[in-house]
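What follows is each chain in one-letter form.
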Amino acid sequence: MKLKIFYLFTALICLFQASQANTVKNYTDTLYAKQLKPYGRYLLNDQNKLEMISSAVHFGFKFTGDSCAIYAQLNQSQGHNYIQYEIDGVYQKRIRIEGNTTSPIILSVKGRGEHTIWIYKATEAHTGAIQISKIAANHIKAIKVHKAPLIEFIGNSITCGAASDTTDFACGTGEYHDQHNAYLAYGPRVSRKLGVNYIMSSVSGIGIYRTWNMEGPSMPKVYEQIDFKTDTQQKWDFKKYSPKIVSIALGTNDLSNGDGKNVRKPFDEKIFLDQYVNFIKLVKSKYPKAQIALLSSPMVKGKSRDILENCLNSIKKS
């Protein structure tokens, strides 16, 4: 009797899985990666897959019915990464993508009418790209971001949205990017409030002339690379976007006391000022008409905060 129940249970599982597979196969339309209209730093690779690179890079699509299937993969077979999504303008949740996954992500919605989905990369560029090969749904079509002024946010971990989402992992647990959610970072929040577009150019731990615990690499050294890495040959095409404002929030890590393991020289104000001015010139060479906003940081306290703000004021006057 127990054996019969076991076989019956197994058969039911198989039928359920088959029905799920049929749900995916029965969609009327497929939207391939090259048809999407992403916004942020991205790449259409040699396999015609969309590589979502920068924090909060996003794309949208519309479809009819009660679900859609997103085919997402990673370069790292043993790694994991995260996307976040909206349904009809309502924030949903992060979705974890495993490196060895082959099954599509099924997003279910309420109602069988037309729905709008926006997909956002929750993690930063250094976590690795998320590859989108296709999306299946009924009557699916790609949509563009609305026409609006653009702000580019340059910064470090705060700009990335690090430690902003502890839904799945409490702070201090899991891996570093397990609490990342760029959708909840200050740049996207400000942009949604103002009704403007945004792109994110941010790297955790980075500074103007050094990182939080090492002498480099700094943001000026990696800004032109598509993924902000020194060993990447491919440059980012700055002609894709023309921001009205470029917001720069750097300096926290330059002023850091380090990790106590690597030798840490005292903060060098002259180097900081020179490198910051040169970096602004680099940004202006990419966006001649953009206004530059220099931000201090609530993470810097006491004397260090005074030093940072004095430096920013000096740069403003120079």
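Draft legend 1. Highlighting the sheet that holds strand β13 (residues 291-294). The 4 strands are arranged β11-β10-β12-β13 in an open sheet whose pairing can be described as parallel. Single-partner strands in this sheet number two, and they are β11 (197-202) and β13. On average, each strand axis in the sheet is inclined to that of its neighbour by 20 degrees, with strand direction left out of account. As judged from the 6 bridges shared by strand β10 (residues 150-155) and β11, these two strands associate in the parallel manner.

Draft legend 2. Structural context of the side chain of S55. Relative to the assigned elements, S55 resides in the loop between β3 (50-52) and β4 (58-74). Residue class for S55 comes out buried when judged on its relative accessible area of 2%. Other than its neighbours up to four places away in sequence, S55 contacts K121, T123, E124, A125, C160, A182, M200 and S202.

Draft legend 3. Geometry of the pattern of salt bridges. Counted by the stated rule, this structure contains 7 salt bridges. Residue R94 pairs with D168 through a salt bridge whose shortest N-O separation is 3.3 Å. Of this pair, R94 sits in strand β6 (residues 90-98) while D168 sits in the loop between α2 (157-160) and α3 (186-194), and the two are 74 residues apart along the sequence. Of the residues examined, D168 reaches a relative accessible area of 48% and is grouped as partly exposed. Measuring nitrogen to oxygen at the nearest pair gives 2.6 Å for the salt bridge that ties E98 to R96. With relative accessibility at 33%, the residue E98 sits in the partly exposed group. Overall, the relative accessible area of 37% leaves R96 in the partly exposed class. Residues joined in a network through salt bridges with shared partners are R94, D165 and D168.

Draft legend 4. Molecular detail of the packing of aromatic side chains. Scanning all chains against the criterion turns up 14 aromatic pairs. With 5.9 Å between their ring centres and 90 degrees between their planes, F153 and Y186 make a pair best called edge-to-face. Of this pair, F153 sits in strand β10 while Y186 sits in helix α3, placing them 33 residues apart in sequence. Judged by relative accessible area, which is 4%, F153 ranks as buried. You can call Y186 partly exposed: its relative accessible area is 22%. Positioned above the aromatic ring of Y223 is the side chain of R41, whose terminal nitrogen or guanidinium carbon lies 5.5 Å from the ring centre. Across from the ring centre of Y183, 3.8 Å away, lies the NZ or CZ of R192, which sits over that ring.

Draft legend 5. Looking closely at the confidence of the model for the chain. Overall, the prediction assigns the chain a mean pLDDT of 93, with 92% of residues at 70 or greater. Predicted confidence is poor over residues 1-23, with pLDDT under 50, and the contacts of this stretch with residues over four places away or in other chains come to 1 contact.

Draft legend 6. Spatial organisation of the packing of helix α5 (residues 269-286) against helix α6 (residues 302-317). Closest axis-to-axis distance for the α5/α6 pair is 10 Å, and the angle between their directions is 45 degrees. Judged by the inter-axis angle, α5 sits oblique to α6. For the crossing formed where α5 meets α6, the hand is right-handed. Between α5 and α6, the residues in contact are E269, F272, L273, Y276, V277 and I280 and I307, L308, C311, L312, S314 and I315, respectively.

The rules we used
- Residues numbered from 1 in each chain as written.
- Predicted model: local features only at pLDDT ≥ 70, side-chain atom pairs only at ≥ 80, totals over all residues.
- Heavy atoms only, no water.
- Pairing = 2+ DSSP bridges.
- Helix = DSSP H or I, 4+ residues; strand = E, 2+ residues; numbered from the N terminus.
- Axes fitted to C-alpha atoms, helices over the stretch in contact; angles between N-to-C directions.
- Buried < 20%, exposed > 50% of the residue type's maximum accessible area, 1.4 Å probe, protein only.
- Contact = heavy atoms within 4.5 Å.
- Salt bridge = Lys/Arg side-chain N within 4 Å of Asp/Glu carboxyl O.
- Phe/Tyr/Trp six-rings, centres within 6.5 Å; stacked < 30°, edge-to-face > 60°.
- Lys NZ or Arg CZ within 6 Å of the ring centre and 35° of its normal.
- pLDDT = per-residue confidence, 0-100.
- Parallel < 35°, antiparallel > 145°, perpendicular 65-115°, else oblique.
- Left-handed = near helix turned anticlockwise from the far one by under 90°.

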